[in-house]
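Tertiary structure, described
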Amino acid sequence: MKKALICGISGQDGAYLSRLLLEKGYEVVGTSRDAQMSEFSNLQALGIGDRVEVCSMVLTDFRSVLQTLTHHAPEEVYNLAGQSSVGLSFLQPVETLESIAQGTLNLLEVIRFTDKPIRLYNAGSSECFGDTNGAAANEETSFRPRSPYATAKAAAYWEVANYREAYGLYACTGILFNHESPLRPRRFVTRKIIATAWEIRRGCCDNLKLGNMKIQRDWGWAPEYTEAMWRMLQQERADDYVIATGESNSLEAFCREAFSQLGLDMDAHVVTDPALYRPSEIMFGQGNPTKAFRVLGWQARTTMAGVVTKMLEVEKEK
Ligand code: NDP
């Protein structure tokens, strides 16, 4: 039985990845900064809370990382932990940089130091590309980060690439475009739209405030993206991959789709609030997942309208 360590198991991807690895027969250990305080509600929501072992680990604390990896001796490590909100990163730039860049470096150093054949998946982000000006980004596209979050993710990406090259570590970065699910907290705009649209439909509230509706993103379905993470660690050679649907839609289109699936007129309820605009915004994001299909045999099955349908299905049951 293979053992996997998931750093940041309490988050959206941590929960779906745990479920996937359990299905594949893995023993799963997950970390949280304070495992005794966390309720692991996402694991509970998927009904797997009692099938994974959890422990406390702080990525920015080298000793904590060393102790955890030595004690659990996993074959695969998935680094999903760190401050993950672009918006929040403008307010907490140091926390964002440290948790992502220093955290990833600690993992790499511990793997190098212990000299065990551990395979590392690092959660990279399409935010590193910045605005791709209408083109779909692939693994060769240069990085032009436009937020503290993206800057930190770019640093972590190069750390992984450098340790792979310099020390021969099996370490990969998945450059994932946005992937959504009902496990997203409401501070993420897709979940905010779905939850508020359903509240409006039930008469619990009347309007939805959003920032820039013109931004375009490549939105996929989170459980499919965790499958890509696992596939990256099953290859003969470690490498980096763009994971995306290849389709881009505006936030307005996402919102219109949600309201229309509930039989509502979006224009009667949605207001734009300039206070929600970011200091610097990416207007266009789209990924080219050709390499992932060619090498990993991975392809997104759910695009934007399907993501809306699936998120609404679960929202209605809450
Ligand atoms: P979540 O925010 O849901 O989960 C991340 C986990 O990291 C949290 O559950 C939390 O665990 C831990 N964490 C939060 N803040 C910090 C911090 N300051 N320092 C250390 N740990 C922290 O993220 P997702 O599951 O959505 O994403 C997983 C990874 O993939 C993240 O690194 C994210 O940046 C990246 N990513 C996500 C995308 C998406 O669309 N979802 C797109 C591209 C990349 P705890 O509180 O238990 O310690």
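About the cut-offs
Residues numbered from 1 in each chain as written. Predicted model: local features only at pLDDT ≥ 70, side-chain atom pairs only at ≥ 80, totals over all residues. Heavy atoms only, no water. Salt bridge = Lys/Arg side-chain N within 4 Å of Asp/Glu carboxyl O. Helix = DSSP H or I, 4+ residues; strand = E, 2+ residues; numbered from the N terminus. Buried < 20%, exposed > 50% of the residue type's maximum accessible area, 1.4 Å probe, protein only. Domains from an automatic or database assignment. Contact = heavy atoms within 4.5 Å. Buried area = accessible area lost by both parts, 1.4 Å probe. Polar contact = N/O pair within 3.5 Å; in protein donor to acceptor, adjacent residues only side chain to side chain. Nonpolar A, V, L, I, M, F, W, Y, C, P; charged D, E, K, R; others polar. Phe/Tyr/Trp six-rings, centres within 6.5 Å; stacked < 30°, edge-to-face > 60°. Lys NZ or Arg CZ within 6 Å of the ring centre and 35° of its normal. Expected span 1.5 Å × (residues − 1). Arc of directions from axis to C-beta.

**Some words on the pattern of salt bridges**
In total, this model carries 16 salt bridges according to the counting rule given. Across the pair Arg164 and Asp240 runs a salt bridge whose closest N-O atoms are separated by 2.8 Å. With Arg164 in helix H6 (residues 148–167) and Asp240 in the loop between helix H8 (222–232) and strand E11 (241–243), this pair connects stretches of sequence that are 76 residues apart. Take Arg164: its relative accessible area is 18%, and that puts it in the buried class. Here Lys214 makes a salt bridge to Glu252, at a shortest N to O gap of 3.1 Å. Of this pair, Lys214 sits in the loop between strand E8 (208–210) and strand E9 (216–217) while Glu252 sits in helix H9 (residues 251–261), placing them 38 residues apart in sequence.

**Considering the domain arrangement of the chain**
Many descriptions give the size of an interface as the accessible area lost when the pieces come together. By domain assignment, the chain separates into domain 1 (3–180 + 222–247 + 287–296) and domain 2 (189–216 + 248–281 + 304–316). If you average the C-alpha positions of domain 1 and of domain 2, the two centres end up 28 Å apart. On the side of domain 2, 10 residues touch domain 1, which itself brings eight residues to the contact. Interface of domain 1 and domain 2: buried area, both sides summed, is about 770 Å²; carbon and sulfur atoms make up 48% of it. Together, Arg146, Glu180 and Glu247 form the three largest contributors to the area buried by domain 1 at its contact with domain 2, with a combined 64%. At the junction of domain 1 and domain 2, the tally comes to zero salt bridges. Counting the contacts that link domain 1 with domain 2 gives four residue pairs in polar contact (both at pLDDT 80 or more). Ranked by the residues each element gives to the side of domain 1 that touches domain 2, the list is headed by helix H4 (residues 86–91), at three residues. Each residue belonging to the side of domain 1 that touches domain 2 can be placed in one class, and the counts come to two nonpolar, two polar and four charged.

**Examining the packing of aromatic side chains**
Tallied over the full model, the rule gives 10 aromatic pairs. Consider the rings of Phe62 and Phe113, whose centres lie 6.5 Å apart with planes at 75 degrees: the pair is edge-to-face. Here Phe113 lies in helix H5 (residues 93–114) and Phe62 lies in helix H3 (residues 62–72), a separation of 51 residues in the sequence. Residue classification places Phe62 among the partly exposed residues on the basis of a relative accessible area of 32%. Assessed through its relative accessible area of 59%, Phe113 is described here as exposed. Centroid distance Tyr163 to Tyr167: 5.0 Å. Interplanar angle 65 degrees. Geometry classified as edge-to-face. Of this pair, Tyr163 and Tyr167 both sit in helix H6, four residues apart, which is roughly one turn of that helix. By relative accessible area, which is 40% here, Tyr167 ends up partly exposed. By way of ring pairs, the aromatic residues Phe129, Phe143, Tyr157, Trp158 and Phe177 are connected into one cluster. Above the ring of Tyr170, the side-chain terminus of Arg119 is found at 3.8 Å from the ring centroid. Above the plane of the ring of Phe188 lies Arg184, whose end atom (NZ or CZ) is 4.0 Å from the centre.

**Notes on helix H1 (residues 12–23)**
Between its first and last C-alpha atoms H1 spans 17 Å; for 12 residues at 1.5 Å apiece the expected length is 16 Å, and the two agree. Counting buried residues along H1, 10 of its 12 residues qualify, which places the element largely inside the surrounding structure. Listed as buried for H1 are Gln12, Asp13, Gly14, Ala15, Tyr16, Leu17, Ser18, Leu20, Leu21 and Leu22. Residues of H1 that are buried make contact with strand E1 (3–7), strand E2 (27–32), helix H2 (41–45), strand E4 (76–79), strand E7 (179–180) and H8.

**Looking at H3**
For H3, the full list of buried residues reads Ser64, Val65, Thr68, Leu69 and His72. Taken around the axis of H3, the buried residues stretch over an arc of 120 degrees, which confines them to a single face. For H3, the exposed residues set more than 90 degrees away from the buried face come down to Arg63, Thr70 and His71. The opening residue of H3, the one whose side-chain oxygen lies 3.1 Å from the backbone nitrogen of Arg63, is Asp61.

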